Amino acid sequence: KENFKNSDRTLLDFWYPLVLENQVPKDKPYAIELWGEALVLYRDEYNQIQCVQDRCSHRGTPLSIGSIRNGNIECRYHGWQFGTNGKCVLIPSNLNGNVPSERANLICYPLLIREDLVWIWPGRMKDNKPMFGTDSIPPDSPEYSDRQNWVTSDMTFDCDNAPYWLFIENGVDPAHLQYTHEGNQGKVIGPPGTVREVETKIEDIDPIIGSFKGYGSWINSVKPNSGFVVYFYPPVSVRLETFPSANGLKFHSMTYFIPLSVFYFCNIYLFIHYFSLCN
């Protein structure tokens, strides 16, 4: 608590990746959670992805069990329809389907697409913009746009009943690689039992809170000549970079640990972008 004494930023005041862009279909809603909040994604009449709370503004029915009609998400209870930015565009039971006021609109979250991932901002707004801008989105991965030299692939996992911060700790922990990943990343370090000097360091970009300083900080967990470097971009992103092996191959990854629920033992959704150097 003392660490946050001089900062009013909460875990909601960050950008979070939710799904791959191609996971959101054109013909039906896509339900997901973030920190225990039920959300639904859908494509509007312009094929743009929208993110709103997964409950109708009328009677609270989950919109994710509804339908997509002409680019609007339709509630299955009374047929209310919502379009771009969650605006209510049709109430069938009203004369001529008229919408009485803006109170019928849904809560809609700011959204952007980066490297084929859908990111949303669940936090506070200032002047109709995210209060802290886009500082919590990791830097672009240069490999993602260099398809001639890098092979890319994506992987997702659902992990139930585990503390969110335990996954983050695993993502920046170099000591387990030779054992858990003996045939993969562990090969860069050496066979099990190999000892290497490891330096863990926190680099401060924007000091804000206590001993863990800066929302743009990263952890440089291994010396450059030790084979790999791990970067942590709070609150959910971990980047791994390996240095060339004897055959010149390199392996990089971006892992996103998405907390679906708020409990101590929560559900986690993992995205991993894998990058492998071709030559």
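Higher on the page you've got the structure.
Keep in mind that this is a model prediction, so the values were computed, not measured.

Chemist: Please clarify how the overall build of the protein should be interpreted in this entry.
Modeler: Counting its secondary structure elements, the protein contains three helices and 19 strands. Across the 279 residues that make up the protein, the buried fraction comes to 45%. Counting contacts in the protein only where the partners sit at least 6 residues apart, residues at least 24 apart contribute 49% of the total. For the protein, the computed accessible surface area is about 15,100 Å², with 50% contributed by carbon and sulfur atoms.

Chemist: Looking at this structure, I do not really get the sheet that holds strand E5 (residues 67-69). What am I missing?
Modeler: To summarise the sheet geometry, strands pair through backbone hydrogen bonds and adopt either a parallel or an antiparallel arrangement. Taken in spatial order, the four strands make up an open sheet running E5-E6-E7-E8, and their pairing is antiparallel. Each having just a single partner strand, E5 and strand E8 (88-90) make up the two edges of the open sheet. In this sheet, strand E6 (residues 72-74) lies alongside E5 in antiparallel orientation, the contact comprising three bridges. Bridged to Ile68 within E6 is Ile73.

Chemist: I'm lost on the side chain of Ser237 in this one. Help?
Modeler: Relative to the elements of secondary structure, Ser237 occurs in strand E17 (residues 237-242). Leave out the neighbours within four places in its chain, and Ser237 touches Trp119, Pro138, Tyr231, Phe232, Met254, Thr255 and Tyr256.

Chemist: Sorry, what's going on with the pairing of E17 here?
Modeler: On a regular strand, one side chain projects to one face of the sheet and the next to the other, so that they alternate. Burial within E17 is extensive, with six of its six residues counted as buried. Burial along E17 is two-sided: the face carrying Ser237, Arg239 and Glu241 and the face carrying Val238, Leu240 and Thr242 are both buried. Two elements, E17 and strand E18 (residues 251-259), share five bridges in a ladder whose sense is antiparallel. Each residue of the ladder has a partner; that of Ser237, found in E18, is Tyr256.

Chemist: How should the pattern of salt bridges be read in this particular structure?
Modeler: Two side chains that carry opposite charge are able to pair once their charged atoms sit near each other. Under the counting rule described, the total for this entry stands at seven salt bridges. Note that Asp8 is salt-bridged to Arg124, the shortest N-O span being 3.6 Å. Note that Asp8 is positioned in the segment before strand E1 (16-20) and Arg124 in the loop between strand E10 (117-120) and strand E11 (125-126), a separation of 116 residues in sequence. The class of Arg124 is partly exposed, set by a relative accessible area of 33%. Across the salt bridge formed by Asp135 and Arg9, the nearest N and O atoms sit 3.0 Å from each other. Here the residue Asp135 occupies a position in the loop between strand E12 (129-130) and strand E13 (150-162), and Arg9 occupies one in the segment before E1, the gap between them amounting to 126 residues. Here Asp135 falls in the partly exposed class, since its relative accessible area comes to 37%. Within this structure, Asp8, Asp13 and Arg124 form a network of salt bridges that share partners.

Chemist: Help me out: how do you make sense of the side chain of Glu115 in this one?
Modeler: Here Glu115 shows up in the loop between strand E9 (111-114) and E10. For the buried residue Glu115, which engages in no salt bridge, the nearest side chain bearing the opposite charge is Arg114, 6.0 Å off. A polar contact is formed between the side chain of Glu115 and the backbone nitrogen of Ser141, at a distance of 2.5 Å.

Conventions and cut-offs
- The residue numbering used here restarts from 1 in each chain and proceeds along that chain's sequence as written.
- Local features in a predicted model are, by the rule used here, given only for residues with pLDDT of at least 70; side-chain atom pairs are given and counted only at 80 or more, and totals for whole chains, interfaces and linings are based on all residues.
- Note that water and hydrogens are dropped before the side-chain values are worked out from all heavy atoms of the structure.
- A helix here means a DSSP run of H or I that spans at least four residues, while a strand means a run of E at least two residues long, and both kinds are numbered starting from the N terminus.
- A 1.4 Å probe rolled over the protein chains alone gives each residue an accessible area, and that area as a share of the maximum for its type sets the label: buried under 20%, exposed over 50%, partly exposed in between.
- Whether two residues touch is decided by their heavy atoms; if any such pair falls within 4.5 Å, the residues are in contact.
- Method for areas: the Shrake-Rupley scheme with a 1.4 Å probe, in which residue coverage is limited to the protein chains shown.
- When DSSP finds at least two bridges between two strands, those strands are taken to pair.
- Any Lys or Arg side-chain nitrogen found within 4 Å of a carboxyl oxygen on Asp or Glu counts as a salt bridge.
- We treat Lys and Arg as the positive residues and Asp and Glu as the negative residues; His and chain ends play no part in the count.
- By the criterion applied in these results, polar contacts are pairs of N or O atoms within 3.5 Å in which, for protein atoms, one can donate a hydrogen and the other can accept it, and in which residues neighboring in sequence qualify only through two side-chain atoms.

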